[in-house]
Amino acid sequence: MLSTSLVSSLQFPFDTKNLFKFNNIQEGDIYRHYTTVPEDELPINLYQYQDFVIRVDYSDNKELKKFLLETKTAKDQNQTNVTFNKWAKNNHGNYIDLQISEENLIKLIEKFPTINYNIIIEDLAQKIYETYPKNHHESLKLASTDSKYKFKATEEIIAESKVNVLSELFFKEYRPLETIEAWLDILKQTYPDLISFEDIGHTYEHRTYRVVHFSVPNSDIEHHERKTIVVTGGVHAREWVSVSSVLYTIYSLILHYNENPSSKILSNLDFLFIPVSNPDGYEYSWKTDRLWRKNRQETIFPNCFGIDIDHSFDFHWTKSSDWACGEEYSGELPFEAFESQIWEEYLNQTNNDHKIWGYIDLHSYSQEVLYPYAYSCSEQPRDEENLIELAYGIAKSIRLQSGKTYNVLPACIDKDVDLLPDLGSGSGLDFMYHNRAYWAYQLKLRDSGSHGFLLPGKYIEPVGKEIFAGIKYFCLFILNDE
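One structure accompanies this document, and this report is about it. (Residues numbered from 1 in each chain as written. Predicted model: local features only at pLDDT ≥ 70, side-chain atom pairs only at ≥ 80, totals over all residues. Heavy atoms only, no water.)

## Regarding helix H12 (residues 279-287)
Phase 1 of the analysis: Taken across its 9 residues, H12 has 7 buried, putting it largely inside the fold.
Phase 2 of the analysis: Taken residue by residue, H12 has Pro279, Asp280, Gly281, Tyr282, Glu283, Ser285 and Trp286 as its buried positions. (Buried < 20%, exposed > 50% of the residue type's maximum accessible area, 1.4 Å probe, protein only. Helix = DSSP H or I, 4+ residues; strand = E, 2+ residues; numbered from the N terminus.)

As structure tokens, then:
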């Protein structure tokens, strides 16, 4: 039983079900509170999200930091009697964001009475609801019987795109997998000389793993002499803005081509895009659990699904201390995740002659530009000075575009590998940097925490524009590199 003084000192939110009963959102938005919407009209079961998200300051408490980082698995949390999910941590700001229930926050405070924290998301279910399209229930109605699409929303978006393929309507909201694939098909049909697809494998749930090529014909340069830039997103299913930002980069390249078809970037570079690097997980995040992170393949435990793709690559791979149900589970062997295996086979067998000079992997959130290595802070990357210079150039380009600050730091510090080495093992960043790409970065997109993984759709275009500004700088730097 907690003392009265302790209870009164806790920074709990008010009763969110009543506080947010009708409208807790900014003027101009049209979302109702999810509790006022019939349950059969909700996109998923939102009543499963009764936690809130807190930001814990660990700057003056090393014991607290170690506890929060090392308490990774359900087994660990049962032993400590405190259960939570880690969202993100920021070593630049010395904080970690946790999804936690009121009951478990009380336990955490009892264990660390001097803990310093703020509540950054009070009504988690509502925040989740507001990332789905505004008329999601209507949009999920079945398309007309003669349509090749399943959903009415896809049919409507594609109808608009056929009238104006460069309409920004597609970027007004996040889009499910079917709509993304249909939109890319329209781009390919409209710009067949620029855009092509390669279906390079199939996921555990038999979805197509697709690479989008963007290449402007140039008879003055042999194709094999052109440098290739790879941009990926959606490795972690819940990070929807990373998917939309890859798509916005493709869109922006088309706009750039229409305005300046002889651009140095377009004439001298080829691009490979994987907008949805985790199709199974992404689909699951739309239909079942908005906060799902991993892929969806079976693991060694029958009731635990999913491997963290970004811990599955065979470069300094270490089996994670997280168990099979945990969000950072690496699998039992490198390349066990279907998606990492498909990508490795494509790079080293199908396209071994590709000259990959640049690799950018988009994630969320924290607003950071991370450079190799993730697995160790004692291993110095090649050409480190220029690697850091380019990272700061990317961050500056973003700041000039939107005013947003992206911090630059080595991925190993972001991963806290000095404390837990397995956190940085087997990353796509390190694998690509060591094996195929001369320049490689992971960009963690907006925001810095008020929305976390649940960035509203109105930010899709601003984030897309700032990331394209950073990618343009990245490309020009590579072209000017001797």
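## Looking at unusual backbone geometry
Phase 1 of the analysis: Here the residue pair Pro372 and Tyr373 is connected by a cis peptide bond, since its omega of 5° sits within 30 degrees of zero.
Phase 2 of the analysis: Structurally, Tyr373 can be placed in the loop between strand E10 (368-371) and helix H14 (384-402).
Phase 3 of the analysis: The omega angle of the peptide bond from Arg446 to Asp447 is 0°, so this bond is cis rather than trans.
Phase 4 of the analysis: A positive phi angle, close to 70°, is found at His206, a residue other than glycine.
Phase 5 of the analysis: Mapped onto the elements of the fold, His206 is located in the loop between strand E5 (195-202) and strand E6 (208-214).
Phase 6 of the analysis: The exposed category is assigned to His206, whose relative accessible area is 67%.
Phase 7 of the analysis: For Phe335, which is not glycine, the phi dihedral falls at a positive 60°.

## A closer look at the state of the cysteines
Phase 1 of the analysis: Applying the stated criterion to the full structure yields 2 disulfides.
Phase 2 of the analysis: Note on cysteine connectivity: Cys304 is disulfide-linked to Cys325, with sulfurs 1.6 Å apart. One quick way to see it: the torsion about the S-S bond of Cys304 and Cys325 is about -60°, and its sign makes the bridge left-handed. Taken together, the residues Cys304 in the loop between H12 and helix H13 (338-350) and Cys325 in the loop between H12 and H13 connect sequence positions 21 residues apart.
Phase 3 of the analysis: Judged by its relative accessible area of 36%, Cys325 is partly exposed. (Disulfide = S-S within 2.5 Å.)

## Describing the sheet that holds strand E2 (residues 84-90)
Phase 1 of the analysis: If you trace the 4 strands from one edge of the open sheet to the other, you get E2-E3-E1-E4, paired in antiparallel fashion. Each edge of the open sheet is held by one strand with a lone partner, namely E2 and strand E4 (116-121). In this sheet, neighbouring strand axes are inclined to one another by 25° on average, regardless of whether the strands run parallel or antiparallel.
Phase 2 of the analysis: The sheet contact formed by E2 and strand E3 (residues 95-100) spans 6 bridges and is antiparallel. Looking at E3, one finds that Asn90 is bridged to Tyr95.
Phase 3 of the analysis: Packing of helix H3 (residues 62-70) onto the sheet brings it into contact with strand E1 (52-57), E2 and E3, and relative to E2 it is tilted by some 120°.
Phase 4 of the analysis: Relative to the sheet, helix H5 (residues 102-111) contacts E1, E3 and E4, its axis offset from that of E3 by approximately 135°. (Pairing = 2+ DSSP bridges. Axes fitted to C-alpha atoms, helices over the stretch in contact; angles between N-to-C directions. Contact = heavy atoms within 4.5 Å.)

Purely geometric stuff here, so don't read any function into it on its own.
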